[in-house]
Amino acid sequence: MEFNIFIVEDDQALFEALQTGLQAWAFRVSKPNNFDEVMRSFLDEQPHLVIMDITLPKFDGFHWCREIRSVSEVPIIFLSSRDHPLDMVMALNMGADDFVQKPFHTNVLYAKVQAILRRTYAYGETQADTLEWNSALIDLKRGVIRKSGEEADLTKNEFFLLLALVKSNNSVISRHDLIRKLWEDEQFVNDNTLTANITRLRQKLEVLGLSDAIVTKKGMGYMAVTL
């Protein structure tokens, strides 16, 4: 399978360096036709992963991340020379999968790309299509959970968080371990980011009557329980 990597980067020299490196790893590389029409190019290309600079002409990367997230859960890696922790937290809370600060070693970025692609697209090849939990069905291909005719559509982070907890077999997973499971570089993620994801997951499970199935163990972490 040839993966299409969509790069939104206005530094032409950096774009060309990334393009050369990713193509050497057998990836196809695409980019927006211009920075006013990022979404049009994204929809045309239907990429498997997006690499996005924060500082861009006209609209910044946060704007385009929101636009992409309104229609797609494709993995997004932010690049930025800005080093303010708020930028990192904001990017991850908006649904980005990783945040890479410039300057960076290109081989580290390529390894992150490989890891995220493997994590995102390997499920349909290695596992069953659904997983049963508390009389609900978790659709492993679509990233949704259904029960009694109701369906909750999960973001990618919510989906992996739910899977990690459900597969723990009624065992507690520490906050640190959950952060490491969801984000490749946990140094840019704090407890508030994880708490926000847990809260959103519980809110979506509430419509299925399953919000109480994610239990907080004070001082330990979280666990999924059988109701």
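Here, every reference points to the structure presented above.
The rules we used
- Residues numbered from 1 in each chain as written.
- Predicted model: local features only at pLDDT ≥ 70, side-chain atom pairs only at ≥ 80, totals over all residues.
- Heavy atoms only, no water.
- Buried < 20%, exposed > 50% of the residue type's maximum accessible area, 1.4 Å probe, protein only.
- Helix = DSSP H or I, 4+ residues; strand = E, 2+ residues; numbered from the N terminus.
- Pairing = 2+ DSSP bridges.
- Axes fitted to C-alpha atoms, helices over the stretch in contact; angles between N-to-C directions.
- Contact = heavy atoms within 4.5 Å.

So what exactly am I meant to see when it comes to helix H7 (residues 156–166) here?
Of all 11 residues in H7, 11 are buried; the element is thus mostly enclosed. Taken as a whole, H7 has its buried residues at Lys-156, Asn-157, Glu-158, Phe-159, Phe-160, Leu-161, Leu-162, Leu-163, Ala-164, Leu-165 and Val-166.

Can you walk me through the sheet that holds strand E8 (residues 144–147) in this structure?
Within a sheet, neighbouring strands are paired by backbone hydrogen bonds and run either parallel or antiparallel to one another. Reading across the sheet, the four strands line up as E6-E7-E8-E9 and stay open at both edges, with antiparallel pairing between neighbours. Of all strands in the sheet, those bounded by a partner on one side alone are strand E6 (130–133) and strand E9 (150–153). Direction aside, the axes of adjacent strands within the sheet are offset by 20 degrees on average. With four bridges connecting them, E6 and strand E7 (residues 136–139) associate as antiparallel partners. Residue pairing in the sheet places Glu-132 in a bridge with Leu-137 of E7. The sheet strands contacting H7 are E6, E7, E8 and E9, and the helix crosses E7 at an angle near 125 degrees.

Explain the side chain of Ser-80 to me, please; I cannot follow it from the model alone.
If you trace the backbone, Ser-80 turns up in strand E4 (residues 76–80). Each residue touching Ser-80, except ones within four places of it in the same chain, is listed here: Asp-53, Ile-54, Phe-99, Val-100, Gln-101 and Lys-102.

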